[in-house]
Amino acid sequence: MTYVDLVLRTLSTGGETEALIGGDTRLTRSQARDLVFRLADGLTRRGVRPGDGVAVFIGNTPEAVLLTVAVHLLGCRLVYVPPEPGPGELAALIEKAEVAAVVVDPGFSDRLDGWHLQDLPGDPVERTPAADFTTVSYTGGTTGLPKLAVHPERSSVKWEAVRRMPPSTMLCNTLITHGSGAGVTRMALVTGSKLVLGPSRFDADAFVRLARDEEVATTMFVPPMMYEVLDHPDCPGPQFLGVSVGGAMLSPHRLRQAVERWGPVVFQAYGMTEALGIAVMPATEVDLSRPETLRTVGRPVPGMEVEIRDGDVWVRGPMVMEGYWGEPPLRETADGWLNTGDMGYFDDNGYLYLNDRSKDVIVTGRTSDNVYSRLLDDFLVTLPGIRQAAAVGRPDDALGEVVHLFLVTDDDNAVDFDSIRDSVVAELGELYQPSGVTIVSQLPLTKVGKVDKRRLRARFR
Ligand code: AMP
């Protein structure tokens, strides 16, 4: 049984119940079910067959969510197109993905040719969902073309167990084409929850409004989004049943704030495009009197093997991709193991901690020591007046790299670099001493809403 079977089953009951909300559109379960079949019919009439690749260049709309379900219903390979590549990159990516069809959101049609999503629906012809299909996701943060991570359906989540979770109102803050957003949308549809779609580009005002007006009970943040909401003058109170946060390093200080504000409902999840779920720290185990519970990303999710090799986190199991499109599968090249590119360690009780992404480590000093930029970021935001912080390596002739800070502060004048440096040295030692600081009004974010350290480093190159 695939998630598509379960979604259709859920949408077949309680037809007038609201199922998807986004922008000005509100769809009931029966309207949503109808549209899935009509989109599948539209694709079939245009010649799409099981096994074909269908690229989707879409924003966060109810119709786009249902398109992804329709593609899987037909047993096709769903290829997510990243939101903001340049036109040349877009064309190269489509070619690399070897797709039979491209569907574009009308709002994006000036950048890519394809069938317009709003013209696609045909007749509501009922179909039996295919037993197998794949999803191809783009990776972020590399130079050049994103890599395409292939996830076969059969290997992923145990949807029948998910279906037993109680329905709620879920707000999706991240892109539906990213693993995090795609996961939230499927979870909502399978559990019969009301899915509320936030804008494609996160906006804290919109979050606050939607959380209040739609009485949102569960949501998922990438850390910088949660920080913005916590700093918002109308930040919601304790209305949530579950708040998941993951996708980038989470500051323990900010996690504490979130738990103080929303109660014991905030949990951390660790995953990546190539391995959709790696570890999770249940909200009930986050204990404000035990600081280590604010730092750990939890224990491996069932079925996943996690090993530390030379400081790097390696993973294997059902949530790991088959491989990159166009490259040999991981089971042939590495016995199914994937190097996450994250550095970490386990404590004696089996909880996993991440030190840094290996490319964010700052290598400095005469003996080329490692400065974990994440430790600095976490410490800096505990200092008065500092809201957000990103430490990066700046090239240096004598020392290889030196530590440079980018800070978002409450009030530019209030921050005194000497006292910051003294505090850093007192807390983390001489090695971590920053040699420069830039005050910025905001940190650059990737398309998915994570702090973009690559762009910060590029300022020095
Ligand atoms: P992406 O493929 O865009 O989802 O990025 C995956 C990367 O995000 C991982 O390799 C980690 O570096 C980072 N990440 C994801 N979840 C967490 C988490 N809970 N804590 C720290 N870093 C995380």
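As the structure is a computational prediction, the values presented were derived from the model and not from experiment.

**Student:** Give a description of the packing of helix α1 (residues 3-11) against helix α2 (residues 29-45) that names residues and reports values.
**Tutor:** Contact geometry for α1 and α2: axes closest at 8 Å, N-to-C directions at 140°. The orientation of α1 relative to α2 falls into the category oblique. Taken together, the residues of α2 that come into contact with α1 (itself represented by Leu8, Thr10 and Leu11) are Arg29, Ser30, Ala32, Arg33, Val36 and Phe37. Classifying every residue of the contact of α1 with α2 by side-chain character gives five nonpolar, two polar and two charged.

**Student:** Tell me what's going on with the pattern of salt bridges, and back it up with residues and numbers.
**Tutor:** Under the criterion given, the structure shown has 26 salt bridges. With its nearest N and O atoms 3.3 Å apart, the salt bridge here joins arginine 290 to glutamate 292. Of the residues examined, arginine 290 reaches a relative accessible area of 39% and is grouped as partly exposed. Arginine 357 is the salt-bridge partner of aspartate 342, the closest N and O atoms lying 2.8 Å from each other. Placement of aspartate 342 in strand β19 (residues 338-346) and of arginine 357 in strand β20 (residues 352-357) is noted, with a sequence separation of 15 residues between them. Residue classification places aspartate 342 among the buried residues on the basis of a relative accessible area of 5%. Judged by its relative accessible area of 29%, arginine 357 is partly exposed. Among the charged side chains, a network of salt bridges with common partners joins Glu18, Arg26, Lys194 and Glu214.

**Student:** Could you give an account of the pairing of strand β12 (residues 242-246), naming the residues involved and the relevant values?
**Tutor:** The buried fraction of β12 amounts to five of the five residues, a majority that puts the element mostly inside the structure. Burial along β12 is two-sided: the face carrying Gly242, Ser244 and Gly246 and the face carrying Val243 and Val245 are both buried. Relative to β12, strand β11 (residues 218-221) runs parallel, the two being bridged by four bridges. Note on β12: the bridge partner recorded for methionine 220 is serine 244. The handedness of the β11 to β12 crossover, carried by helix α8 (residues 223-231), is right-handed. In this structure, β12 lies alongside strand β13 (residues 266-272), joined through four bridges in parallel fashion. Among the inter-strand pairings, valine 245 is bridged to a residue of β13, identified as glutamine 268. A crossover connection joins β12 to the parallel β13 through helix α9 (residues 252-262); in handedness this β-α-β unit is right-handed.

**Student:** So what's going on with unusual backbone geometry? Residues and values would help.
**Tutor:** Comment: phi is negative for the bulk of residues other than glycine, and the bulk of peptide bonds are trans. Unlike most non-glycine residues, glutamate 215 shows phi in positive territory, near 50°. With respect to the element layout, glutamate 215 can be found in the loop between α7 (204-213) and β11. Taking relative accessible area as the criterion, glutamate 215 reaches 63% and is therefore assigned exposed. Positive phi, close to 55°, is recorded for aspartate 335, a residue that is not glycine. Following the sequence through the fold, aspartate 335 ends up in the loop between α11 (330-333) and β19.

**Student:** Describe the packing of aromatic side chains, and please don't skip the residues or the numbers.
**Tutor:** Tallied over the full model, the rule gives 10 aromatic pairs. Ring plane angle 45° and centroid distance 6.4 Å describe the contact between phenylalanine 207 and phenylalanine 240, whose orientation is recorded as tilted. Here phenylalanine 207, found in helix α7, pairs with phenylalanine 240, found in the loop between α8 and β12; they are 33 residues apart in sequence, far enough to count as distant. For the pair phenylalanine 207 and phenylalanine 240, a shared accessibility class is recorded, and that class is buried. Look at phenylalanine 406 and phenylalanine 460: their rings are 6.0 Å apart centre to centre, the planes differ by 35°, and that puts the pair in the tilted class. Placement of phenylalanine 406 in strand β24 (residues 400-409) and of phenylalanine 460 in the segment after α14 (453-458) is noted, with a sequence separation of 54 residues between them. We classify phenylalanine 406 as buried; its relative accessible area is 1%. Looking at phenylalanine 460, the relative accessible area reads 26%, which means it is partly exposed. Members of the aromatic cluster, joined through ring pairs, are Phe202, Phe207, Phe221, Phe240 and Trp262. Sitting over the face of the ring of tryptophan 325, arginine 77 holds its NZ or CZ atom 3.9 Å from the ring centroid.

Calculation notes
- Residues numbered from 1 in each chain as written.
- Predicted model: local features only at pLDDT ≥ 70, side-chain atom pairs only at ≥ 80, totals over all residues.
- Heavy atoms only, no water.
- Axes fitted to C-alpha atoms, helices over the stretch in contact; angles between N-to-C directions.
- Helix = DSSP H or I, 4+ residues; strand = E, 2+ residues; numbered from the N terminus.
- Parallel < 35°, antiparallel > 145°, perpendicular 65-115°, else oblique.
- Contact = heavy atoms within 4.5 Å.
- Nonpolar A, V, L, I, M, F, W, Y, C, P; charged D, E, K, R; others polar.
- Salt bridge = Lys/Arg side-chain N within 4 Å of Asp/Glu carboxyl O.
- Buried < 20%, exposed > 50% of the residue type's maximum accessible area, 1.4 Å probe, protein only.
- Pairing = 2+ DSSP bridges.
- Right-handed = clockwise from strand over helix to strand, strands pointing away.
- Phe/Tyr/Trp six-rings, centres within 6.5 Å; stacked < 30°, edge-to-face > 60°.
- Lys NZ or Arg CZ within 6 Å of the ring centre and 35° of its normal.

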